[in-house]
Amino acid sequence: MRLPVLLGALCAAGMASAALVEYDLVISQGNIKNDGQTKRSWLINGQSPGPAIVATKGDTVNVRVLNLGSENITIHWHGFFQPGPTVFPDSRSTLVCPLAPITFHLRVTQTGAYWYHSHHHMQMVDGLQGPVFLKPDAQTVSSLTTLGLPEADQKKALHAELHPRFLSVFDNQHKSGAGRLPGPRRDCVDIPPAVGKVTKRGCALPDNANLQPYGGKPSEVDPDLWFNCVPTSTPLEVFQVSASEKFVAFNIVNSGTTWELRVSIDSHSFWVFTADGAYISPVKVNVISIPVGERFQILVPLDQSPGDYTIRVAAKAMPQLLSGYAVLSYKKSLLNIKLGGVTSAPPAKHPFIDYGGNVISGSGGVLFNAMAIQPFPAQAPPSGPADVTIRISLQRSHALTWTMNGVPLPTLPEQFTPLLIDPKGISNLDPALYTSFKNGSIVDIILETTVLGKGSHPAHPIHKHNTKAFFLGTGTGRFPAATVWEAFQRNTTGLNLVNPPLRDDFNTPPTKENTNWAALRFQSVNPMVTIMHCHIDPHLAGGMSFIMWRASRRYSPFRLTTRTFTEPTHTHSLFLSNRTSSD
Ligand SMILES: [Cu+2]
């Protein structure tokens, strides 16, 4: 069957008022070679990652999804806040059955970089994902206006913000959930021994007790998965820009499986001006570390000699060190540029990170500090004691069992009725897995990462669906008080209730031996069954989730709508989704 490769959109360029924007996503399965190795993948309109969904604040977006794949799927709109009680399929809830089309009706109340992905099985890892860009409307004040640029330059910076390049960085798993990544284009050279010896593939040895504390049979592992490195010669992604544009913006999402990834561009510093879609007071750095699920928009001044510069994407964390490359290419004119076919990175020109993602000493490399950012315009969390304090213990009890409160959220059967449709189903779950609170409550969440005898914890990129929350801080040891407010009044180090970041992804501190804490605060404004979970997909698959039910008498269960699917009739306003893989 021939699949439509283009996506249809009604949003004509330059349309000022709210619009109805329509997209058709046809989901299928096929082979792709993003990194030079053939891999079975989910495809969206014939590609993976899927096409970018682009709309403007104030718009309504109808996304019609037709699943031609062999399994049920879900689509989660990562970071979207949908006002109103129950308009929005959320979490592991809405199964889109094969050949049963569903239409998502999304009201765009936010701006910035988001993404969509499956929340069922590990389909996200296997390609069922794509970027979203919600453009600011005419009333929105961009934080780029605070840079103090001359008027003509500010105009170009804002133009760049509205016309970003989409940069999806991800670790590309060739065996779902196995955590082993072949490394095309990697150097096959000496790797700094971060946790003891590593293989030529950059992997920790399979018997590394720190990373594999529950034993196993490493001798039975296919050597190709751990030891042998075979670079491929796939063309690199090239981002072509014109020097006369003066700036280029990238919407970066880590849409990967496991690895926090560092991104840097040779010779270039950049302004980070949004986090998880929301404006922040811009911060100028040249290296940014992005945990899975998180999004950042950066503005890169094209202030170097026109030429080709390497974009570096590196996994710094074990159990595998690896790097991937793309190219930022700018010329005095876009005429006479050769397109495609770039198979090796340009010569290094003042790189800030090495192959293993370490900031190169003496390079002037400045690493972005995500805990020091501030919302723009300034926004403080509600002050005073919270109405509800939720303490959640993050644990690992088995090689594949990662939990919140010691209980893995069970794998849902295919015919599970989503809690959004039947909230009473929550009574079938272990009470350690959920809580409820009144709408309007000020809610504090204290996460404690606890080592149970064996095994260290990486940073867990905890994603909270629906509303954002203030990331109040992190620290070592157990959280030092019964409540956040009590700890704040005791001047607890690392706790910020004055000007903390506002996020929907929260990276907990890693730990080898001790308990560490992280604290969030939000005000519940939307009656909804929602979820919080680790975005490392093997951890999520292992059960690391927690359900929150914002009860309200107004709660009325979500209803699915299905429509007759028709071929797309609008094929203008095509957005090409530039992407690169970090494999
Ligand atoms: Cu995790």
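Here, the structure is the one placed above.
As the structure is a prediction and not an experimental result, all values here were calculated from the model. Counting of residues starts from 1 at the beginning of each chain's written sequence and follows it residue by residue. Local features in this predicted model are restricted to residues of pLDDT 70 or higher, and side-chain atom pairs are both shown and tallied only at a pLDDT of 80 or more, whereas totals for entire chains, interfaces and linings draw on every residue.

Engineer: Would you take a moment to explain the overall build of the chain for this structure?
Structural biologist: Along the chain, the regular secondary structure elements total four helices and 29 strands. When each of the 583 residues of the chain is scored for burial, the buried share is 48%. Contact definition: two residues whose C-beta atoms, as placed from backbone geometry, lie within 7 Å. Within the chain, counting contacts between residues at least 6 apart in sequence, those at least 24 apart form 78% of the total. Helix and strand labels come from DSSP, where a helix needs a run of H or I of at least four residues and a strand needs a run of E of at least two; each type is numbered from the N terminus. Whether a residue is buried, exposed or partly exposed follows from its count of other C-beta atoms within 10 Å of its own C-beta, namely 20 or more, 12 or fewer, or something in between, respectively; the C-beta atoms are built from the backbone.

Engineer: Looking at this structure, I do not really get the nonpolar core. What am I missing?
Structural biologist: Proteins that are soluble and globular tend to have nonpolar side chains buried together. Among the nonpolar cores identified, the biggest contains 133 residues, and Ile 298, Leu 299 and Ala 519 are the most heavily contacted of them. For this core, the element with the most residues is strand E11 (residues 247–254), which contributes six residues. If near-sequence neighbours (up to four positions away) are discounted, Ala 519 is found in contact with Asp 444, Ile 445, Ile 446, Leu 472, Gly 473, Phe 479, Val 484 and Leu 495. Take the buried Ala, Val, Leu, Ile, Met, Phe, Trp, Tyr and Cys residues, join any whose C-beta atoms are within 7 Å, and the set you get is a nonpolar core.

Engineer: Help me out: how do you make sense of the environment of Val 132 in this one?
Structural biologist: Mapping Val 132 onto the fold places it in strand E8 (residues 129–135). Classification of Val 132 by C-beta neighbours within 10 Å gives buried; the count is 27. When the C-alpha positions of Val 132 and Gly 50 are compared, they lie 9.9 Å apart, and in sequence the two are 82 residues distant. Residues within four places of Val 132 in sequence aside, it is in contact with Ala 52, Ile 53, Tyr 114, Trp 115 and Tyr 116.

Engineer: Is there a simple way to think about the pairing of strand E20 (residues 401–404) in this case?
Structural biologist: For a regular strand, side chains alternate in direction, first toward one face of the sheet and then toward the other. Taken together, the four bridges between strand E19 (residues 388–398) and E20 define a ladder with antiparallel strand orientation. Directly across from Arg 396, in E20, lies its bridge partner Trp 402. Linking E19 back to E20 in an antiparallel pair, the connection comprises two residues. Two strands make a pair as long as DSSP finds a minimum of two bridges between them.

Engineer: Is there a simple way to think about unusual backbone geometry in this case?
Structural biologist: With the exception of glycine, most residues fall at negative phi, and the peptide bonds are largely trans. Cis geometry marks the peptide bond from Ser 48 to Pro 49; its omega dihedral reads -5°. Tracing the sequence through the fold places Pro 49 in the loop between strand E2 (39–44) and strand E3 (53–56). Here the bond from Phe 376 into Pro 377 is cis, since omega is -5°, no more than 30 degrees from zero. Within the secondary structure, Pro 377 sits in the loop between strand E18 (322–331) and E19. Despite not being glycine, His 350 shows a phi value in the positive range, around 55°. For His 350, the location among the structural elements is in the loop between E18 and E19. Overall, the presence of 15 C-beta atoms within 10 Å leaves His 350 in the partly exposed class.

Engineer: Could you clarify how one ought to interpret helix H1 (residues 151–162) in this entry?
Structural biologist: An α-helical turn contains 3.6 residues, so a residue and the one three or four places further along point in the same direction. The span expected for a helix works out to 1.5 Å for each residue beyond the first. For H1, which comprises twelve residues, the first-to-last C-alpha distance of 17 Å matches the rise-based estimate of 16 Å (1.5 Å per residue) to within 8%. Every buried residue of H1 is accounted for by Ala 157, Ala 160 and Glu 161. All buried residues of H1 lie within an arc of 105° about the axis, which places them on one face of the element. In H1, the exposed residues that point more than 90 degrees away from the buried face are Glu 151, Ala 152 and Lys 155. What the arc describes is the spread of directions from the helix axis to the C-beta atoms.

Engineer: What should I look at first to understand the sheet that holds strand E15 (residues 287–290) in this one?
Structural biologist: Each strand in a sheet pairs with another by means of backbone hydrogen bonds, the pair being arranged parallel or else antiparallel. Pairing is mixed in the open sheet, where five strands are placed in the order E10-E18-E17-E12-E15. With one partner strand each, in any of the chains shown, strand E10 (238–242) and E15 form the two edges of the open sheet. Neighbour to neighbour, the strand axes of the sheet diverge by 20° on average, direction disregarded. Orientation is described by axes fitted as lines to C-alpha atoms, over the contacting stretch for helices, and by angles from 0 to 180 degrees between their N-to-C directions.

Engineer: How do you make sense of the sheet that holds strand E5 (residues 76–78) when you look at a structure like this?
Structural biologist: Across the sheet, four strands lie side by side as E3-E8-E7-E5; this open sheet has mixed pairing. Looking at strand neighbours, the two that pair on one side only are E3 and E5, the edges of this open sheet. In this sheet, adjacent strand axes meet at a mean angle of 25° when their direction is disregarded. Where strand E7 (residues 112–117) and E8 come together, six bridges link them in antiparallel fashion. Note that in E8 the partner of Tyr 116 across the bridge is Gly 130.

Take it as geometry only, folks, not as evidence of what the structure does.
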